[in-house]
Amino acid sequence: MKEGQPTTIYLQDYAAPAYRVDAVSLVFELGEASTRVTSVANYRREPGVAADTPLELYGEALELLEVRLNGLPLSETDYSISDTGMSVHNVSALCTLEIVTRIYPQKNTSLEGLYQTSGNFCTQCEAQGFRKITYYPDRPDVMTVFTTQILADKQKYPVLLSNGNLTGSGDLPDGRHWARWEDPFHKPAYLFALVAGNLQHVEDHYTTLSGRDVTLRIYTEAHNIDKCDHAMQSLKRAMSWDEQRFGLEYDLDIYMVVAVDDFNMGAMENKGLNVFNSKLVFASPATATDMDYVNIEAVIGHEYFHNWTGNRVTCRDWFQLSLKEGLTVFRDQEFTSDLHSRPVKRIEDVRALRTFQFAEDASPMAHPIRPASYMEINNFYTVTVYEKGAEVVRMYQTLLGRDGFRKGMDLYFERHDGQAVATENFLAAMADANEADLSQFQRWYDQAGTPQVAVRMDYDAAAQRCTLHFSQSCPATPEADNKLPFLIPVAIGLLDGKGQDLIGTQVLRLTDTEQSFTFDKVPEQPVPSLLRDFSAPVKLNFPYAEADLVFLMKHDSDAFNRWDAGQRLAMQTILTLLAAHQQQEAFGLEHDFISAYQAILTDDALDRALRAAALQLPSEADIAEVARPSDPEAIHAVREFIYTTLAKALRLDLERLYAELHEEGEYSPDATSIGRRSLKNVCLAYLGRIQDDGIHEACLQQYLAAGNMTDAMAALAVLSSIECPQREQALQHFHDRWQHDSLVMDKWFALQATSSLPDTLQQVQALMQHKLFDMRNPNKVRALVGSFAMRNPLHFHAQDGSGYAFLTERVLELDAMNPQIASRMVRPLMNWRQYEPVRSALMKAQLERIQAHSGLSGDVNEIVSKSLV
Ligand code: TRP
Ligand code: ZN
């Protein structure tokens, strides 16, 4: 992007490429000052394209050394160069273009293209990083076979990796060595990868369903080699699951994963050579929490599943990102659900969707899962494209059934293996395989915003008839003021007075703005259970009485809705208290509310993980979403009041349960053990709300005695918001114990950044001077700056604006090094309109300050300018 001249790219402007690539061969001469890249590509003009059509290549920040067409040097008039690429004129229908460029990986702090991390080379090419390596048609609909030769100093970089199969290697006279890799599968440039460094690996094998042996390797620096076992086991489980559930096998002889410390995102699915953020690979009981274990398995699965949904079938253009990401997130969610607890996984995913995606959908950055325009594609790797995209894929399965969905997947691969396609092709495969009309379903791809569904119920006792009246609407979002009705699958049940299902679970199809459904032979007025298992990404409203919600919490056969009834009850209570707080009226909790929580706490027949989830109140961010204009301080106060009141009222039950759930013995991250620990640690978090030295001491004891990181962190998290000597002791202990392990120290930074103690911002500022803190490392930035701005609303939204000013300074500092990360960090300011006037004005002023900054990246500029429209 040219500075100061942001341009918008439109989906409707898509044009197929004029030239294809038959093959490309790359030579990397990796050096200490710079790297020399030679690319030889065979181009073929597409039939029907005019002969005078120039060959358009993308290229950014490249030093062009040589360029030859069919072996002859090109004269200056045969091509033109701009900031964003190269046009070659007068090319023949078949031609070979040889380009030599020089790049500077050691100076590359954007972590896009070729860069160094911990002294090793690695690449990140999605979405448009390949153009920082060489001039190339860097667009996903140009697919070809890659040959990659790497030359590097043998001592410093003993391991040389790229996609596909190793087809040659050897020593050079000057202390260097070389390796050649060939990838037989056609792929776009964004799936290219190269790694060179001083790495160790663990190796295992997997035999596919059809009996092929695949070598599996995880590469890392030597000191982490003992923490790769969980990732390796996860990989094998993923390979087996995809065979069982979707009939999909791996296709190369080797699958490699490389863990790196400096990475902008979670992980990357490069063909045969995944690159992972090291936090999503390394696990040991002492260093990783239950959540880390589960995340590692999920992301290992996610990148593996991309081999079919993303790599074998890829995206035609970047507007189609959700084609691969929504589908692959859905697949990783199903993987986790099949291996662990389905309802727990569903609750966690929906909680995240509501907290982050609903907020995005209500923000100036709201966009459909298939946006119609963008300025910087990196800004569209969003919770909407990923998580809402996964919900949209899930709705096909809800509408068509598991078998129907599988038929659609089979047809999708049958039709499109080896192609770069659009979301319409996926929809067509689902529809055609099931002979279903899904044309209205397309609107989920084209319209942004969270649909709202309002429901009313009529019951006619004489006719034994129950009628549900639905109406749907969708708020205006930047791309459209008026929305057409969606096809919404609403899974429902009707419960009788004993809590029995009267009609089982039925999936209603809403298609119109207003629609009614009638149920006969309903002998008594039922309580409806609506949107079971969260069957669509919508906000559903029904005028539930509190007693109905308590009833559903107890009796609904749908575990998700039992949890959701509790969340609705909590939110209603919170809103009531907030109103009282604002009027400066005295407030307290109803007895019924307390006993509903007591019932969950003491119901030993209930799954522990589900009890833990049910005992957690909606987050401060969730409340801010609903209680507008939001006052984060009041929200914090009211939520803490409820926690403290419940803790005091239920203290004996909490202490009993906490003691009962204590465990000793070897750590295991299975669903049962995770559930036990999560319930125990929820009890501890409640108890921590009571000012009592005995409890502080119990936290310290749990921290010191913990045989695993989950229990250690849970105790430390409770202490981190309490002013007490045990807090200082535990934090110091953690520091001294883990300062040699940078990844573990991220937890220590994040904990302090999310504390509710009054001097948190000063602490965060002081921690920026800590020897382990580094603004160039995205994990560190996310742990300290990101946690403060995104997970500490109380202090980020301090009424004096200090939190906003702090974030602004960090964003500007980061933008000069790594625009992708800067552009993530600026987003907490985006929703300024939802806050009360004082904060709103302060947030807006900081956005304006950022916008006025000269030399701002296109990444940050897009977010800021859209926020200020
Ligand atoms: N495709 C990656 C995934 O699995 C996302 C990703 C990794 C990415 N690194 C990136 C996207 C850098 C943009 C920039 O979801
Ligand atoms: Zn992905």
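Residues numbered from 1 in each chain as written. Chains lettered and ligands numbered in written order. Predicted model: local features only at pLDDT ≥ 70, side-chain atom pairs only at ≥ 80, totals over all residues. Heavy atoms only, no water.

Below, the discussion takes up the UniProt feature "domain: Peptidase M1 alanyl aminopeptidase C-terminal" (unreviewed entry) in the protein. Here, the residues flagged by UniProt with the feature "domain: Peptidase M1 alanyl aminopeptidase C-terminal" (unreviewed entry) are residues 547-868. End C-alpha to end C-alpha, residues 547-868 measures 44 Å, and it is 71% helix and 0% strand. (UniProt positions renumbered as here; feature names shortened; annotations may be inferred. Helix = DSSP H or I, 4+ residues; strand = E, 2+ residues; numbered from the N terminus.)

Per the stated rule, a full pass over the model turns up 70 salt bridges. Between D290 and R677 there is a salt bridge whose closest N-O contact spans 2.8 Å. You can see D290 sitting in helix α2 (residues 290-305) and its partner R677 sitting in helix α15 (residues 671-687), a full 387 residues away along the chain. Comparing D290 with R677, the two get one shared label, buried. The residue R677 makes a salt bridge to E663 at a minimum N-O spacing of 3.1 Å. Of this pair, R677 sits in helix α15 while E663 sits in the loop between α14 (651-660) and α15; the two residues are 14 residues apart in sequence, bridging distant segments of the chain. (Salt bridge = Lys/Arg side-chain N within 4 Å of Asp/Glu carboxyl O. Buried < 20%, exposed > 50% of the residue type's maximum accessible area, 1.4 Å probe, protein only.)

Turning our eyes to something else, we now look at the pairing of strand β11 (residues 120-124). Across the five residues of β11, five count as buried, placing the element largely inside the fold. What you see with β11 is no split at all: N120, C122 and Q124 on one side and F121 and T123 on the other are buried throughout. As paired strands, strand β10 (residues 113-117) and β11 are joined by five bridges and run antiparallel to one another. Along β11, the bridge assignment pairs G113 with Q124. Of the pairings in the sheet, the one linking β11 to strand β16 (residues 194-197) comprises two bridges and is antiparallel in character. Across the sheet, residue F121 finds its bridge partner in β16, namely A196. (Pairing = 2+ DSSP bridges.)

Before going further, it helps to examine the sheet that holds strand β27 (residues 488-495). Taken together, three strands build an open sheet; the order of strands is β28-β27-β30 and the sheet is antiparallel. Both outer strands of the open sheet, β28 (506-510) and β30 (527-530), are each paired with one neighbouring strand and no more. Each strand axis lies, on average, 35° off the axis of its neighbour in the sheet, ignoring direction. In the sheet, β27 pairs with β28 via five bridges, with the strands oriented antiparallel. Bridged to I488 within β28 is L510. (Axes fitted to C-alpha atoms, helices over the stretch in contact; angles between N-to-C directions.)

Before going further, it helps to spend a moment on the site of ligand 1. Near ligand 1 you find 16 residues, and of these E126, A267, E269, E303 and Y386 are the closest. Taking E325, its side chain carries an N or O atom lying 3.1 Å from a nitrogen atom of ligand 1. Here ligand 1, which alone exposes 370 Å², has 97% of that area covered by the protein. Mapped by element, the contributors of at least two residues to the shell around ligand 1 are β20 (267-268), α2 and α3 (321-339). (Near = heavy atom within 4 Å. Polar contact = N/O pair within 3.5 Å; in protein donor to acceptor, adjacent residues only side chain to side chain. Areas by Shrake-Rupley, 256 points an atom, 1.4 Å probe, with all protein chains shown as cover.)

With an omega dihedral of -5°, the bond running from E126 to A127 counts as a cis peptide bond. You can see A127 is positioned in the loop between β11 and β12 (144-153). Of note, the phi angle at A61 is positive, near 55°, even though the residue is not glycine. Relative to the helices and strands, A61 resides in the loop between β4 (55-58) and β5 (63-69). For A61, a relative accessible area of 71% puts it in the exposed group. Positioned with a positive phi, E435 is a non-glycine residue whose angle comes to about 45°.

Moving on, we get to the coordination of the zinc ion (ligand 2). Here the zinc ion (ligand 2) is held by the protein donor atoms H302 (NE2), H306 (NE2), E325 (OE) and E325 (OE), which lie 1.9 to 2.7 Å from it. Considering all six donor atoms around the zinc ion (ligand 2), the spread of angles at the metal, 48 to 161°, places the coordination shape in the irregular class. Each donor residue of the zinc ion (ligand 2) belongs to the same chain, with the gaps between them written as H-x3-H-x18-E. Under the relative-accessibility criterion, H302 is labelled buried at 7%. (Donors = N, O, S within 2.8 Å, 3.2 Å for Na, K, Ca; no water. Tetrahedral: all angles 85-135°; square planar, octahedral: opposite > 155°, others 65-115°.)

Here the distance between the centres and the angle between the planes together describe a pair of aromatic rings. The full count for this structure, using the stated rule, is 40 aromatic pairs. Ring centres of Y136 and F146 lie 6.2 Å apart, and the angle between their planes is 50°; this geometry places the pair in the tilted category. Taken together, the residues span a long stretch of sequence, with Y136 in the loop between β11 and β12 and F146 in strand β12 at a distance of 10 residues. The buried category is assigned to F146, whose relative accessible area is 2%. Of note, R131 hangs over the ring of Y58, and the distance from its end group to the ring centre comes to 3.9 Å. Above the face of the Y643 ring, R689 is positioned so that its terminal group lies 4.0 Å from the ring centre. (Phe/Tyr/Trp six-rings, centres within 6.5 Å; stacked < 30°, edge-to-face > 60°. Lys NZ or Arg CZ within 6 Å of the ring centre and 35° of its normal.)

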